[in-house]
Every structure is written in C-alpha cells, then in structure tokens.
Amino acid sequence: MDVIQVIGIGIITVFLSVLIRQHRPELALALPILGTAVIFLLLAPGLRAALAMFEDIAAQAGIENQFLRLVIKIIGIAYICQFSAEICRDAGESSMAGKIELAGKLMILTLSMPIIYQILGLVGAMIDFS
Amino acid sequence: MSGVDLIFKVAAIGIVVAVLNMLLVRAGRDDQAMMTTIAGLVVVLLVVIQEISSLFDTIKSVFGL
C-alpha cells in the first residue's frame, strides 16, 4: 500500500501547487520541495534496507567494502544534486540548475579520483608484465 | 506532524495569503498586502526548511556522505 500512498502524496502536491501557482508562484514552489522531502522520508527505511543488502552481497562476493561505500556515496551526491537542480528548473532558473549539476559532477570526479589512479596503476603494471 | 499534513498546511497558507492579498489590494492597502505576502512566505519557508533539513540528514545517514 506504500506505493499508493506515495502516488497520493505526489498527485495531491501537484494539484495544490497548480492551484496556488496562479496567485502565489513563490509559495507554489515550496509545495513540490515539501512533497519530495515527504516521499523520500517515506522511502528512506526501504532504501536503507536495500543498501544494507547490497553491502551484504558485496561482502559475500569478496568485493572491498571501500569501493561499494564510494559508489553509494556517489549515488547520494547524484540524488541530492538532481533534486536541487530540478527545484531550480521548476522555478525557471535553469542556469543555476546547470551550476548545481556541474558542482555535483565535479564532486563525483573528486571522489572517484583515487580509484581512477588505482586502475591506471593496474593497467601500467599489466603492461609491464607483458 | 506527518508529511501530508505539512503539504496541506503549506497549501492552506498559500490560499489564505492569496485571498488576504486580494482583499487588501482591493481595499487600497497595498503596503499591508505586501506585508501579508512576506509573512506567508516566511512561515512557509520555516516549514520547508525544517523538512529539507530532516531530508538532508536522512540522505547523509543513508548514503554515508
């Protein structure tokens, strides 16, 4: 029944937002933000369980925990950047949305730098072997 | 307070502010209409900021940021 709850929240939010938009556009902007927050808070326990399951599977497969944590972190950064960029775009400020997305990409690149170095080192070692 | 109530609260504030604004403008009190708008905006922002703060805290703890 959780899905129906989420759909209900979403449709009610959009409906009220459209209702208010003609009179108070700045208040209409607050409603989708609230709706997003409410839906995510509703989904958070399930997400936590799913991520715990992934970590469990990775531990059984013998993948280093550090890599999976990095991937999860990158997913988190991508999610909040997309969330805030969408809010900016809804308000008609697509330039600010672009800047937030750029910042998110840069953060992800910075986070993944150590792994890129590691891969390059591995490739270099393989070339040396052959 | 559960989440859906917050959405209804903000929507109600929006409608009330819009109606008050219309009445005050019609009565020729433009400055007070402006004040009503700003007050409504501040109240809504307070609600939204609390919710966003809890959203970001949850994201931080879930994704381990």
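Because the structure is a prediction, the values reported are computed rather than measured.

### Quick word on the UniProt feature "transmembrane region" (unreviewed entry) in chain A
Taking the numbering used here, the UniProt-annotated feature "transmembrane region" (unreviewed entry) corresponds to residues 6-21, 28-47, 67-85 and 106-127 of chain A. Annotated as 100% helix and 0% strand, the span residues 106-127 of chain A places its first and last C-alpha atoms 30 Å apart.

### A closer look at helix H1 (residues 3-26) of chain B
Given 3.6 residues per turn, any residue in an α-helix points the same way as the ones three and four places further on. Compared with the 34 Å implied by 1.5 Å per residue over 24 residues, the 35 Å span of H1(B) between its first and last C-alpha is a close match. For H1(B), the set of buried residues is B:Gly3, B:Leu6, B:Ile7, B:Val10, B:Ala11, B:Ile13, B:Gly14, B:Val17, B:Ala18, B:Asn21 and B:Leu24. Against helix H1 (2-21) and helix H2 (25-61) of chain A together with helix H2 (30-63) of chain B lie the buried residues of H1(B). B:Gly28 sits one or two positions beyond H1(B) and adopts a positive phi of about 85 degrees.

### Notes on the UniProt feature "transmembrane region" (unreviewed entry) in chain B
Residue and element names in this part refer to chain B. The feature "transmembrane region" (unreviewed entry), as annotated in UniProt, sits at residues 6-25 and 37-56 in this numbering. Counting secondary structure, residues 6-25 comes out at 100% helix and 0% strand; the distance between its end C-alpha atoms is 28 Å. Within residues 37-56, the helical portion is 100% and the strand portion 0%, while the C-alpha atoms at the span's ends are 28 Å from each other.

### Let's talk about the side chain of B:Thr37
Here B:Thr37 shows up in helix H2. Those residues in contact with B:Thr37, other than ones at most four positions away along the chain, are A:Arg24, A:Glu26, B:Val17 and B:Asn21.

### As for the nonpolar core
With 32 residues, the main nonpolar core has A:Leu31, A:Leu34, B:Ile7, B:Val10, B:Val44 and B:Phe63 as its most contacted residues. Every element with two or more residues in this core is listed here: H1, H2 and helix H3 (65-90) of chain A together with H1 and H2 of chain B. Counting residues per element, this core draws most heavily on H2(A), which supplies 12 residues.

### A few points about the interface of chain A and chain B
Taken together, the contact between chain A and chain B spans 31 residues of the former and 32 residues of the latter. The junction of chain A with chain B conceals about 2700 Å² of combined surface from both sides, 86% of it contributed by carbon and sulfur atoms. When the area that chain A buries against chain B is broken down by residue, the three leading residues are A:Arg24, A:Leu27 and A:Leu34, summing to 22%. If you look at where chain A meets chain B, you find zero salt bridges. The tally of links from chain A across to chain B stands at one residue pair in polar contact (both at pLDDT 80 or more). Looking at the side of chain A that touches chain B, the elements that each hand over two or more residues are H1, H2 and H3 of chain A. A per-element tally of the side of chain A that touches chain B places H2(A) first, with 15 residues.

The rules behind each value
Residues numbered from 1 in each chain as written. Chains lettered and ligands numbered in written order. Predicted model: local features only at pLDDT ≥ 70, side-chain atom pairs only at ≥ 80, totals over all residues. Heavy atoms only, no water. UniProt positions renumbered as here; feature names shortened; annotations may be inferred. Helix = DSSP H or I, 4+ residues; strand = E, 2+ residues; numbered from the N terminus. Expected span 1.5 Å × (residues − 1). Buried < 20%, exposed > 50% of the residue type's maximum accessible area, 1.4 Å probe, protein only. Contact = heavy atoms within 4.5 Å. Core = buried A, V, L, I, M, F, W, Y, C linked by side-chain atoms within 4.5 Å. Buried area = accessible area lost by both parts, 1.4 Å probe. Salt bridge = Lys/Arg side-chain N within 4 Å of Asp/Glu carboxyl O. Polar contact = N/O pair within 3.5 Å; in protein donor to acceptor, adjacent residues only side chain to side chain.

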